[in-house]
Amino acid sequence: MKRRDILKLTAVAAVLAATTALMPADDALAQDKKFRIGFSQATTIEPWRAQFNKDIIAEAAKHPDVELIITDGEDRTEKQVADVENLIRQEVDALLVSPKESAGLTGVVQQAIDAKIPVFVLDRNVETDQYTQFVGGDNKLIGRAAGEYAVELLGGKGKAEGNIVEIWGGMGTQPAHDRHDGFHEFTDKEPGIKNLLDQQSGDWKQDQAYNIMATALRNNEKIDLVYGHNDPMAYGAYLAAKDAGREKEMKFIGIDALPNEGVTWVNNGELTATFLYATPGAEGLRQAVKFLKGEKVEKTVTLDTMKVTKENAAQILKDNGL
Ligand code: FRU
């Protein structure tokens, strides 16, 4: 093994040790008191979630007084509920949670709140607002930006025409509903626009979106635009259209804009546009630390978005060393 690789491995091991080791909850150690922050992640099988974990780990490494415990809900509500119960039992100083779905996680989030643990809800909401803070993108605003751009691509305000396939994210999540509602604020004003599907969810997954699109292609001779609630689904739809030899007939819009995914696909001309949905990993952790140090935090922190098209994709890739 090369020296460089060994150094890299040592660095990774150090980060892992710093982030997952447990400190004894002993007052004798008060002078080295660390903030034990638990983070319950919904899943790690999606690329955006993997980036989210990287972002939170990198931020934690900047705070020597933080010990981060990360759990993986494995894309199952029951598993994530058990993870949060476990973190409550460990009496973490703060709980960060990015819920798989809103309703299923609400009860256990409430338990943490009742146990007087400050709770930071990240990205997807729950059905209570008694948490300390919510950090995430404005999905309604992103949906609106996507809808406005779809109208432009289909001929412009008042004259837009075309058939749209919309592929929903998980139906039990607030982002999917907000991305839908925002989009339709623009597209529903256009009499020339027709929606081909009725609430079809790909549950944020590329392969499920591929299947939905394959069926839509069989059932519809003319599709002008596909709106996927995230990039993996927009790309899955693109692949289905490509396999049917029809990808050139239509535009594809997604959301997330990870450099090595959505932005690359836009740069390759596979997706027409994507909208940035930054992970709340770094900001969420910073906010929790701020709160634990006794500073005031806002009820909501909204992360910025931007539109990514062929015009700026190459520059974004360059800025990210790709
Ligand atoms: C990842 C993901 C992202 C999406 C977000 C919405 O699990 O599906 O692609 O933007 O969750 O909560």
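As recorded in an unreviewed UniProt entry, the chain goes by Substrate-binding domain-containing protein and comes from Rhizobium meliloti. Turning to the chain, the UniProt record has this under Sequence similarities (unreviewed entry): "Belongs to the bacterial solute-binding protein 2 family." Its UniProt record gives the chain a comment under Subcellular location (unreviewed entry), which states: "Cell envelope".

Caption draft 1: The arrangement of the pattern of salt bridges in detail. Tallied over the entire structure, the rule returns 19 salt bridges. With a closest N to O distance of 3.7 Å, Arg36 and Glu67 form a salt bridge. Pair noted here: Arg36 is in strand β1 (residues 35-41) and Glu67 is in strand β2 (residues 66-72), with a separation of 31 residues, a long-range link. For Arg49, the salt bridge identified is with Asp123, shortest N-O distance 2.7 Å. Taken together, the residues Arg49 in helix α2 (residues 47-61) and Asp123 in the loop between β4 (119-122) and β5 (133-137) connect sequence positions 74 residues apart. Accessibility classification places Arg49 together with Asp123 in one group, the buried group. In the salt-bridge network here, residues are joined through shared partners; they are Glu46, Asp75, Lys100, Asp203 and Lys205.

Caption draft 2: Summary view of the confidence of the model for the chain. On average, residues of the chain score 93 in pLDDT, and 90% of them are at 70 or above. Confidence, expressed as mean pLDDT per element, reaches its minimum in the chain at helix α1 (residues 3-20) with 43 and its maximum at strand β9 (residues 225-228) with 99. Segment residues 1-29: pLDDT under 50, and 24 contacts once partners within four positions in sequence are set aside and those in other chains are kept.

Caption draft 3: Seen up close, the sheet that holds β4. The strand order across the open sheet built from six strands is β2-β1-β3-β4-β5-β12, with neighbouring strands paired in parallel fashion. The two strands at the open ends of the sheet, each matched to only one other strand, are β2 and β12 (300-303). Each strand axis lies, on average, 15° off the axis of its neighbour in the sheet, ignoring direction.

Caption draft 4: Expanded view of the domain arrangement of the chain. In terms of domains, the chain is made up of domain 1 (34-135 + 279-301) and domain 2 (137-276 + 308-318). For domain 1 and domain 2, the distance between their C-alpha centres works out to 29 Å. Counting residues at the interface gives twelve residues for domain 1, matched by twelve residues for domain 2. Together domain 1 and domain 2 conceal approximately 970 Å² of surface at their shared face, both sides included; 55% is due to carbon and sulfur atoms. Contact with domain 2 buries area across many residues of domain 1, yet Pro47, Trp48 and Arg124 alone supply 40% of it, more than any other trio.

Caption draft 5: Looking closely at the packing of helix α7 (residues 206-219) against helix α8 (residues 231-243). Interaxial distance between α7 and α8 falls to 7 Å at its minimum, and their mutual angle equals 45°. When the axis of α7 is compared with that of α8, the two are oblique. Note on packing geometry: the crossing formed by α7 with α8 is right-handed. On α8, the residues that touch Gln206, Ala209, Tyr210, Met213, Ala214 and Leu217 of α7 are Pro232, Met233, Tyr235, Gly236, Ala237, Leu239, Ala240, Ala241 and Asp243. Considered class by class, the residues forming the contact of α7 with α8 number twelve nonpolar, two polar and one charged.

Caption draft 6: Highlighting the environment of Gln287. Positionally, Gln287 belongs in helix α10 (residues 281-292). Given a relative accessible area of 8%, Gln287 falls into the buried group. When the C-alpha positions of Gln287 and Ile193 are compared, they lie 42 Å apart, and in sequence the two are 94 residues distant. When residues no more than four places from it in sequence are discounted, the contact partners of Gln287 are Phe120, Gln133, Val135, Val297 and Val301.

The rules behind the values
- Residues numbered from 1 in each chain as written.
- Predicted model: local features only at pLDDT ≥ 70, side-chain atom pairs only at ≥ 80, totals over all residues.
- Heavy atoms only, no water.
- UniProt positions renumbered as here; feature names shortened; annotations may be inferred.
- Salt bridge = Lys/Arg side-chain N within 4 Å of Asp/Glu carboxyl O.
- Helix = DSSP H or I, 4+ residues; strand = E, 2+ residues; numbered from the N terminus.
- Buried < 20%, exposed > 50% of the residue type's maximum accessible area, 1.4 Å probe, protein only.
- pLDDT = per-residue confidence, 0-100.
- Contact = heavy atoms within 4.5 Å.
- Pairing = 2+ DSSP bridges.
- Axes fitted to C-alpha atoms, helices over the stretch in contact; angles between N-to-C directions.
- Domains from an automatic or database assignment.
- Buried area = accessible area lost by both parts, 1.4 Å probe.
- Parallel < 35°, antiparallel > 145°, perpendicular 65-115°, else oblique.
- Left-handed = near helix turned anticlockwise from the far one by under 90°.
- Nonpolar A, V, L, I, M, F, W, Y, C, P; charged D, E, K, R; others polar.

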